[in-house]
Amino acid sequence: MAITTVPETPRKPGRPTSPYSAGPQRTSLGRKVRDNLTGHAFLIGAVLCFVVFSWYPMIRGIVMSFQRTRRGETTWVGWDNYTRIIGDPSFWTAWKNTFTFTVLALVLGYVVPFFVAVLLNEFRHAKGYLRILVYLPVMLPPASALFLFKFYAYDPSEAGLFNAILKALHLPTSQWMQSPQMTMPAMVVASTWMNMGGAVLIYLASLQNIPGELYEAAELDGAGIWKRIRHVTIPQTRLILALLAMLQIVATMQVFIEPLILANGAGAEDSATSVAYLIYQHGFFQNDLNGAAALGVIMLVVLAGFSAAYLRLSAKQD
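Draft legend 1. The overall build of the protein chain, seen in detail. In terms of regular secondary structure, the protein chain is built from 13 helices and 2 strands. Counting across all 318 residues of the protein chain, residues that qualify as buried make up 33%. Sequence-distant contacts in the protein chain: of pairs separated by 6 or more residues, those separated by 24 or more amount to 64%. For the protein chain, the accessible surface area stands at approximately 20900 Å², while carbon and sulfur atoms represent 66% of it.

As structure tokens, this is what we get:
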């Protein structure tokens, strides 16, 4: 019996020979979808954190600043909260103290870390130990560091550290936090000691990126250390200096924990009351959440103005 064979029909090129031949393409597409979903999931989590803990409280505070809540009833009062807050004499005292603290912090807390970084950069040995020593105060809890200053360094008796040093130098002692004239400088010294470690490390990283040929050329021209700092170091670190100056202005204008712990809030003759502490006082002592929200919005506008001015100046310099 003869067996007949049926010739196979030729398949067109480019077509898959079976439904399973498209598997690799589907697998690659599915992997891309899964990777994108994972990335978007992490991004959505971060955005939700910002929305819940940053953006919503900010928007809620702006809305509350135009409202008044009494006995559970909320009414719209327009600009009344702002008028009442601005008319309060403590408002201007708080802004005066805040600007004074900011200026003193720029004079001391901005210049000292830079020169400490320049000094550490000149050392050839024990750089790691010196960096740890400078950064150590940053690792301490701020409250612990301030209590250390309050009860040990700023003790108004002769047992206090600073008064003992002044007595050893045959100089008059001070009442420190009990003196209206010394309250603000004392807070600036404590704040600088606590926070300068991070700025010093940033400056050190920037200084180590300066080409050594520039210093060698300056030395060949007979430039001393001050001329090298003025004509080489400062121009090469200009962007970092400007950025940290802006960050320090924003941070110091929100000073809160220093007057709260060192001066028990207001200080002698209201010499330590800051805007942030005044917000805290309105919200938690006077139960005036709407006034506190209005004061917070005013601070937001002032800080936004400083940031906008910095960005505009940076754009012009670039």
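Draft legend 2. Just the packing of aromatic side chains, in detail. This model, assessed by the stated rule, comprises 22 aromatic pairs. Taken together, a centroid distance of 4.9 Å and an interplanar angle of 85° make the contact between F91 and W92 edge-to-face. Exposure remark for F91: the relative accessible area of 4% places this residue in the buried category. Site record: aromatic cluster; members linked through ring pairs are F149, Y154, F162, W176 and W193.

Draft legend 3. Main features of a nonpolar patch on the surface. A surface patch of nonpolar side chains, amounting to about 1000 Å² of accessible area, comprises L43, V47, F50, V51, V52, F53, W55, M58, I59, I62 and L300. No other element matches helix α1 (residues 23-64), which puts 10 residues into the nonpolar patch. Positionally, F53 belongs in helix α1. Overall, the relative accessible area of 65% leaves F53 in the exposed class.

Draft legend 4. Inspection of the packing of helix α3 (residues 89-122) against helix α9 (residues 225-236) at higher detail. Contact pair α3 / α9: the axes reach a minimum separation of 13 Å and the direction vectors enclose 105°. One element, α3, and the other, α9, form an angle in the roughly perpendicular class. The residues of α9 that touch α3, namely those facing F114, F115 and V118, are W226, I229, T233 and I234. A per-class count over the contact of α3 with α9 returns 6 nonpolar, 1 polar and no charged.

Draft legend 5. View of the pattern of salt bridges. This structure, assessed with the given rule, holds 2 salt bridges. Note that R84 is salt-bridged to D288, the shortest N-O span being 2.7 Å. Taken together, the residues R84 in helix α2 (residues 80-86) and D288 in the loop between α12 (275-284) and α13 (289-317) connect sequence positions 204 residues apart. Residue D288 is classed as buried on the basis of its relative accessible area, which comes to 14%. We note a salt bridge from K167 to E158, for which the minimum N-O separation is 2.8 Å.

Draft legend 6. Quick look at helix α7 (residues 180-207). Along its 28 residues, α7 runs 39 Å from first to last C-alpha, staying within 8% of the 40 Å computed at 1.5 Å per residue. At M196, α7 shows its largest kink, close to 50°.

Draft legend 7. Representation of the side chain of T237 in the model. Within the secondary structure, T237 sits in the loop between α9 and α10 (238-252). On the accessibility criterion, T237 (2% relative accessible area) is buried. Not counting residues within four places of it along the chain, the set of residues in contact with T237 comprises F114, S206, L207 and I210.

Draft legend 8. Highlighting α10. The end-to-end C-alpha distance of α10, which contains 15 residues, comes to 21 Å, matching closely the 21 Å that a straight helix rising 1.5 Å per residue would cover. Residues L241, L244, A245, M246, Q248, I249 and T252 constitute the buried set of α10.

Draft legend 9. How the structure looks around unusual backbone geometry. Look at W176: it is not a glycine, yet its phi comes out positive at around 55°. Tracing the chain through its elements places W176 in the loop between α6 (161-168) and α7. Notably, D270 is not glycine yet its phi reads approximately 55°, a positive angle. Residue placement: D270 occurs in the loop between α11 (257-262) and α12. D270 sits in the partly exposed class, given a relative accessible area of 41%.

Reading guide: rules and limits
- Residues numbered from 1 in each chain as written.
- Predicted model: local features only at pLDDT ≥ 70, side-chain atom pairs only at ≥ 80, totals over all residues.
- Heavy atoms only, no water.
- Helix = DSSP H or I, 4+ residues; strand = E, 2+ residues; numbered from the N terminus.
- Buried < 20%, exposed > 50% of the residue type's maximum accessible area, 1.4 Å probe, protein only.
- Contact = heavy atoms within 4.5 Å.
- Areas by Shrake-Rupley, 256 points an atom, 1.4 Å probe, with all protein chains shown as cover.
- Phe/Tyr/Trp six-rings, centres within 6.5 Å; stacked < 30°, edge-to-face > 60°.
- Patch = residues over 30% accessible without salt bridge, like charges linked within 9 Å, V, L, I, M, F, W, Y side chains within 5 Å.
- Salt bridge = Lys/Arg side-chain N within 4 Å of Asp/Glu carboxyl O.
- Axes fitted to C-alpha atoms, helices over the stretch in contact; angles between N-to-C directions.
- Parallel < 35°, antiparallel > 145°, perpendicular 65-115°, else oblique.
- Nonpolar A, V, L, I, M, F, W, Y, C, P; charged D, E, K, R; others polar.
- Expected span 1.5 Å × (residues − 1).
- Bend = angle between axes of the 7 residues up to and from the residue.

None of the figures reported here should be taken as evidence of function without further support.
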